[in-house]
Each structure stands twice: as structure tokens, then as C-alpha cells.
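# Remarks on the overall topology
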Amino acid sequence: MEKWRRFLALEIGIEIKACLYFAVILFYYMLYCFLQGSLYVSIVSIIEIVLTAYAMNYIQVYLLHNFDEGDHLGKKETLLSVACAALYTALSWFFGWYDKSTRASVGFFCYMLLCYVCIFLIFKIKRDMDTAQMNRELEDFKKQKNREL
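Presented here is an overview of the structure given in this document. (Residues numbered from 1 in each chain as written. Predicted model: local features only at pLDDT ≥ 70, side-chain atom pairs only at ≥ 80, totals over all residues. Heavy atoms only, no water.)

## Digging into the packing of aromatic side chains
Across all of its chains, the model carries 14 aromatic pairs by this definition. A centroid spacing of 5.3 Å and a plane angle of 80° characterise the contact between tyrosine 32 and tyrosine 98, whose relative ring orientation is edge-to-face. Residue tyrosine 32 is found in helix 1 (residues 2-35), and its partner tyrosine 98 is found in the loop between helix 3 (75-95) and helix 4 (102-148); the two are separated by 66 residues along the sequence. We note that tyrosine 32, like tyrosine 98, is buried. Judged by centre distance (5.2 Å) and plane angle (70°), the ring pair of phenylalanine 94 and phenylalanine 95 falls under edge-to-face. Residue class for phenylalanine 94 comes out exposed when judged on its relative accessible area of 60%. Clustering of aromatic rings is evident, with ring pairs tying together Tyr28, Tyr29, Tyr32, Phe94, Phe95, Trp97, Tyr98, Phe108 and Tyr111. (Phe/Tyr/Trp six-rings, centres within 6.5 Å; stacked < 30°, edge-to-face > 60°. Helix = DSSP H or I, 4+ residues; strand = E, 2+ residues; numbered from the N terminus. Buried < 20%, exposed > 50% of the residue type's maximum accessible area, 1.4 Å probe, protein only.)

So this is what it looks like as C-alpha cells:
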């Protein structure tokens, strides 16, 4: 039962992060399309972005040990963030999301690096808030137990 819960927790985490990465990539893609003078985006590109976000998050969670949810942003996490941003950029080039524009691709790479830092901070802040909440609840529980004694 414990393995099932751990697996389920990882899968839920992948769902949340895939949606988050999809949203940030879609924002950049839509901004690119808008700056190119188009108010339309390709459904095929959106599907590619969704599938890419899921695949990358499975890689990040199962092969790269969920580095973007780590406790600190060290050399290893920075290197993995650069590698993943580069892979996202290579896939965007392969799929032609930005019309194989070098300028847009370099911008996308830098944008993804910024996203990795922001997502790392989001998870760190969330974890810190959860820890503080659990500590408050533990203190309340201890006070309640002491009153009962």
C-alpha cells in the first residue's frame, strides 16, 4: 500500500508540474505568435507542447530525481535546469514552434531557465509554508494534549 501511495504522489506531482510547464511554454508560444502578427495558434503545436511537458516531467521525476523540487539550488540542480531548458529548446526547434528562428529559440532557452528558477522558488516557498503550518498544528496538538492531562 505504501508503494502505491508513493507512486500516486509522484503521478499527481507530475500532473501538476506538467500543467505548470505547459502553461509557461504556451504563454511564450502565444506571445511569439502575437508578435508575428497572428492571433491564432496551432492546435498541433499545442498538442506537441502538452506531450513534451509530460515527457519532460516524467524524465525529471523518474530519471533526474525531481531536481526542480529540491531543497536548494546548487550546481547539480543548475546544471540539470540548463540541460532541461536546452532539451525543451531543441524540441521546440525540432517541432518548429518558433519557425526555427534562432532569436526566438535563444529567447525561449533564457525564458525556460527563468521558469526553472521561478518554479524551484514556488515549490520551496510552498514547502516552507506547509512546514510552518504543520509545526503550528503540532504545537496546537501538544497544547491540547497538555490541557487534557
